Amino acid sequence: MTSARSTTQADTIVEAVRLALKAADTRPRHQEGSAESGWLLLDYVDVVVHVFVGATRHFYALERLWGDAPLLSVER
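Residues numbered from 1 in each chain as written. Predicted model: local features only at pLDDT ≥ 70, side-chain atom pairs only at ≥ 80, totals over all residues. Heavy atoms only, no water.

Enquirer: Break down the pairing of strand β3 (residues 39-43) for me, citing the residues and quoting the values.
Expert: Looking down a regular strand, the side chains alternate between one sheet face and the other. One ladder, built from 5 bridges, connects strand β2 (residues 30-34) with β3; its direction is antiparallel. Along β3, the bridge assignment pairs G33 with L40. Connecting the antiparallel pair β2 and β3 is a turn made up of 4 residues, with G38 showing a positive phi of about 95°. The pairing of β3 with strand β4 (residues 48-53) spans 5 bridges and is antiparallel. When the sheet's bridge partners are listed, L40 is paired in β4 with V51. (Pairing = 2+ DSSP bridges. Helix = DSSP H or I, 4+ residues; strand = E, 2+ residues; numbered from the N terminus.)

Pasting the structure below:
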């Protein structure tokens, strides 16, 4: 889950994730949303990537819904 400061940045983040995983021969099972809607989702079955624009992340408060899940840090 991450936040973007603009729709352009959100699209860029999603494209970077898609390209990196495509290089590893992994493609999303499903993609939903748009930067203009404030929320993009990439579903890779075992991992789901959420990219929020602006206050949308606070509105949906997914951290609260998944607060009891273990935290996993991913580094480049």
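Enquirer: Break down the environment of A10 for me, citing the residues and quoting the values.
Expert: Counting through the fold element by element, A10 comes out in helix α1 (residues 7-23). Once you skip the residues sitting within four places of it in the chain, A10 turns out to touch A4, A35, L40, V51 and V53. (Contact = heavy atoms within 4.5 Å.)

Enquirer: Any details on the layout of surface pockets? Residues and values, ideally.
Expert: Roughly 1,200 Å³ of internal volume is contained in the largest pocket. As for the largest pocket, its lining consists of 24 residues, of which M1, V47, V48, L72 and V74 are closest to the centre. Counting residues per element, the ones that place at least two in the lining of the largest pocket are α1, β4 and α3 (62-65). For the lining of the largest pocket, the leading source of residues is α1, giving 5 residues. (1 Å grid on protein atoms, 1.4 Å probe; cavity = no way out; pocket = protein on both sides within 12 Å on 5 of 7 lines; lining within 4 Å. Points joined across faces, edges and corners; volume = space filled by probe spheres on them.)

Enquirer: Run through unusual backbone geometry, naming residues and quoting values.
Expert: Although it is not a glycine, D25 sits at a positive phi angle of roughly 60°. When you line up the elements, D25 lands in the loop between α1 and β2. Classification of D25 as exposed rests on a relative accessible area of 63%. (Buried < 20%, exposed > 50% of the residue type's maximum accessible area, 1.4 Å probe, protein only.)

Enquirer: Outline the packing of aromatic side chains, supporting the account with residue identities and numerical values.
Expert: Counted under the stated rule, the structure contains 3 aromatic pairs. Between the aromatic rings of F59 and Y60, the centroid separation amounts to 5.0 Å while the plane-to-plane angle is 90°, which identifies the pairing as edge-to-face. Taking the relative accessible area as the measure of exposure, F59 reaches 66% and is therefore exposed. (Phe/Tyr/Trp six-rings, centres within 6.5 Å; stacked < 30°, edge-to-face > 60°.)

Enquirer: So what's going on with the pattern of salt bridges? Residues and values would help.
Expert: Pairing of side chains with opposite charge becomes possible as their charged atoms draw close. Applying the stated criterion across every chain yields a total of 2 salt bridges. Among the salt bridges present, the one from D25 reaches R27, with a minimum N-O distance of 3.4 Å. Residue R27 is classed as exposed on the basis of its relative accessible area of 51%. Note that E63 is salt-bridged to R57, the shortest N-O span being 2.5 Å. (Salt bridge = Lys/Arg side-chain N within 4 Å of Asp/Glu carboxyl O.)

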